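Structure assessment
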Amino acid sequence: MYYSHVFSPIKIRGLEIKNRVVFPAMGTKMLNGDRYVTDQLIDYHVARAKGGNGLNFTEVCSVYSKSSPKNFLAISDDKYIPGMKKLVDAIHEAGGLAGVQLWLGGSAVLFGDPTAMVVVPSDFQAAPNYIIPGASIEIIKEAVEAFGTAAKRAVEAGFDTIEFHAGHNYTPHSFLSKAFNKRTDEYGGSLENRSRFLVECIEAIRNNIPENMPLFMRIDAFDDYVEDGLTIEEVIQFCKLAKNAGVDVVDVSRGNFSSAAIKYEVPPVDLPRGFNVDNATRIKNETGLVTIAVGRINDPGQADEIIKGCKADMVVMGRAQLADPEFCNKAMRGEADSIIRCVGCNQGCYDGFSDKDVPFITCLRNPALGREKEYELRKTETPKKVLIIGGGVSGLQAATTLKERGHIPVVCEASDSLGGQFVLAGAAPRKEEMKLAAIHMGEVCEKAGIEIRLSTKVTPEVIKDVNPDEVIVAVGSSPMELNIPGSKLANVTNSHDVLAGKVKVDGDVVVVGGGLVGLEVAEYLSGKVGKITVVEMLNEVAKDLGQLRKICVMENLYKEGITTITNAKCVEIKDKAVVIDKEGTLEEISCDSVVVSIGSRARNYDEISVYCSKNNIPCHTIGDAVKARRALNCIKEAVDVAREI
């Protein structure tokens, strides 16, 4: 078997797990609004169990009715047992194992339900005139009991194991950390006292589950970005106490939602792959607990080396299996090249979870996420030849989906390579995985036997030659130009040409436009040119980035000494300066080169649409050819069109 270390079985107490891969607790919003399991959530878990995953954990599951937000799972009442049992039975039938993550959310419940009780160790300033009091001894005792009764329900529902969430600034972590726990009674002060609530919860859980059922615990390796936070030495001491209380497995994470450390909870592409593994190794070695490594582990070879090198006993592979539910099966069969890789964009998973207008999480690489039943492959009974105009990621995704359904796609790309702007984005610092993903999409098309014509600008003559039944226009977009005095000077270029290496800039540089691409250009140029200044007309830069990527990008801008000026409009470009209107005052910024990055506009394809209309050829437009948007939306659109043809 390929990757024999990570796909070897492991036995913990009486539970034998077929491999070392854990699908972790991740928020989905796939609930019915009142804490119950839904068929959508079941389909989501079943797809990963069928895909070969070793152990599935539910997303955070409330244990305490008073502190149970409406839009999260709950096991705080017997009424939730039937739904949980249905989920467990489905995972078992699919060949997997099921664990429930028991959770008391602390101040995080405010984000989901302002009516839920907030259980925190000490007074918490939730708003300028709103202080949430620290938990009373009575509430603490109720919460401890709630963990115990929740564990009992989990056993009744048929779960194979339980995970106690003691990380990420939720209630247990808040009690453990001096950064959040300012109590002076038996639950505050020394590490032993700060551990008391957690140990009591662990004992309550252990007393309500069978002796042969393992107990997992999620922790932070240490506290990031908070004053007087937990050190790894304190965490190791606590883990030893937890082990004595009945914990068998420690799941080593990082991050808290009270600071920029939230970037470690759902680490974007900006963070190194496996950035937290060494911490897991140290905790494993110093506690003797079975240990799980977490943090941008998205490659089977990487996971196998972690287990082989005794750096951890198991690995969490979450977003890797959001992107490809067949990740484990493909790896075990030696088909790693066919795995659809997570690129750490966070657009569909974290950003989708945070966006109130998005109904449930999704994935840039896998639009079927959360739609597993709806998106089951339907072979066509009437194969059609479909001309796809454009070999960017939208066009390639459409081609792959069409081929899988039994159609005959033909891809024509005007340039000499595939991947489009996704390859271009990969030129920016820390984003090589995006470039590799785009290249891989092209390779998948080639291996599937899809006809690809490079350096082919589609004209009516080309359409006539291909003679398609239908056409998909995926010609993408091109950079918008500034329409101001001096915009045609020789020292002015655009972001796309810089990232593509077509144009070299030097000296001091002004980047006009502080969105995602403008900042990527600024970072790309850092260290290669002189002073870099980014001018943005809005009130902040990086407004089109998701929260976690924005944290990373802004930190790097600061580190690199890149200057940003907001609320400023570029009104003129000179040979050695740009003129900006900064809130009604004209200022000059001296520079040698100007890079324009003010967005993109859909390319014109009127000639194609007119020809198709005259010849009664159905013509569909997808991706940036409709309007410039995030790749997440463009790829979903490609799949939807390809599914309907």
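Residues numbered from 1 in each chain as written. Predicted model: local features only at pLDDT ≥ 70, side-chain atom pairs only at ≥ 80, totals over all residues. Heavy atoms only, no water.

Notes on the UniProt feature "domain: NADH:flavin oxidoreductase/NADH oxidase N-terminal" (unreviewed entry) in the chain
Selection rule: UniProt positions are given in the numbering used here, feature names are shortened, and annotations may be inferred rather than shown by experiment. Starting at the N terminus, helices and strands are each numbered in turn, a helix being any DSSP run of H or I of at least four residues and a strand any DSSP run of E of at least two.
Taking the numbering used here, the UniProt-annotated feature "domain: NADH:flavin oxidoreductase/NADH oxidase N-terminal" (unreviewed entry) corresponds to residues 6–335. The distance from the first to the last C-alpha atom of residues 6–335 is 15 Å, and the span holds 35% helix and 16% strand.

Points about helix H19 (residues 547–560)
Because the α-helix completes a turn every 3.6 residues, residues three or four places apart line up on one side. Stated precisely, the cut-off is as follows: To estimate how far a helix should extend, the number of its residues minus one is multiplied by 1.5 Å. Each residue is placed in one exposure class: buried if its accessible area under a 1.4 Å probe, protein chains only, is under 20% of its type's maximum, exposed if it is over 50%, and partly exposed if it falls in between. Note on contacts: a residue pair qualifies if any of its non-hydrogen atoms lie within 4.5 Å across the two residues.
With 14 residues, H19 ought to run about 20 Å at 1.5 Å a step, and its terminal C-alpha atoms sit 20 Å apart, in line with that. Among all positions in H19, only Leu548, Arg549, Ile551, Cys552, Val553, Asn556 and Leu557 are buried. Looking at the buried residues of H19, the elements they touch are helix H12 (350–354), helix H18 (516–525) and strand S23 (563–565). Gly561, located one to two residues past H19, shows a positive phi value of around 75°.

Thoughts on the sheet that holds strand S29 (residues 619–621)
As a reminder, the rule being used: For two strands to pair, DSSP has to find at least two bridges joining them. With axes taken as lines fitted to C-alpha atoms, and helix axes fitted only over the stretch in contact, angles between N-to-C directions fall between 0 and 180 degrees.
One open sheet holds the 5 strands; their spatial order is S17-S16-S15-S18-S29, and the pairing between them is parallel. The open sheet is flanked by strand S17 (451–453) and S29, the only strands paired with a single partner. Taking each pair of neighbouring strands and ignoring which way they run, the sheet shows an average axis angle of 20°.

Section: the environment of Leu548
Assignment of secondary structure puts Leu548 in helix H19. Spatially, the C-alpha atom of Leu548 lies 6.7 Å from that of Pro268, the residues being 280 residues apart in sequence. The contacts of Leu548, once residues within four sequence positions are left out, are Ile262, Lys263, Val266, Pro268, Asn346 and Tyr350.

Re the nonpolar core
Operational definition: In this text, buried Ala, Val, Leu, Ile, Met, Phe, Trp, Tyr and Cys residues form a nonpolar core when linked through side-chain atoms within 4.5 Å.
By size, the foremost hydrophobic cluster in this structure holds 115 residues, and its most contacted members are Leu102, Ile162, Phe197, Met217, Ile219, Ile283 and Val315. With 10 residues, the single largest contributor to this core is helix H4 (residues 137–157). Not counting residues up to four positions away in its chain, the partners in contact with Ile219 are Ala166, Gly167, Val235, Phe238, Cys239, Val250, Asp251, Val252, Ser253 and Ile283. Membership of the second largest hydrophobic core comes to 30 residues, among which are Val393, Ile450, Ile472 and Ala474.

Thoughts on the UniProt feature "domain: FAD/NAD(P)-binding" (unreviewed entry) in the chain
UniProt's feature table lists "domain: FAD/NAD(P)-binding" (unreviewed entry) at residues 384–612, given in the numbering used throughout. Strand forms 26% of residues 384–612 and helix 34%; the C-alpha atoms that close the span are 16 Å apart.

A few points about the side chain of Gln101
Cut-off, in case you're wondering: Definition of a polar contact: a pair of N or O atoms within 3.5 Å, with one able to donate and the other able to accept a hydrogen when the atoms are protein atoms, and with sequence-neighbouring residues admitted only if both atoms are side-chain atoms.
Residue placement: Gln101 occurs in strand S7 (residues 98–103). Overall, Gln101 belongs to the buried group, its relative accessible area being 1%. Within the local environment of Gln101, its side chain forms a polar contact with the side chain of Glu163, the two groups lying 2.7 Å apart. Leave out the neighbours within four places in its chain, and Gln101 touches Ala25, Phe57, Thr58, Glu59, Val60, Cys61, Glu163, His165 and Arg218.

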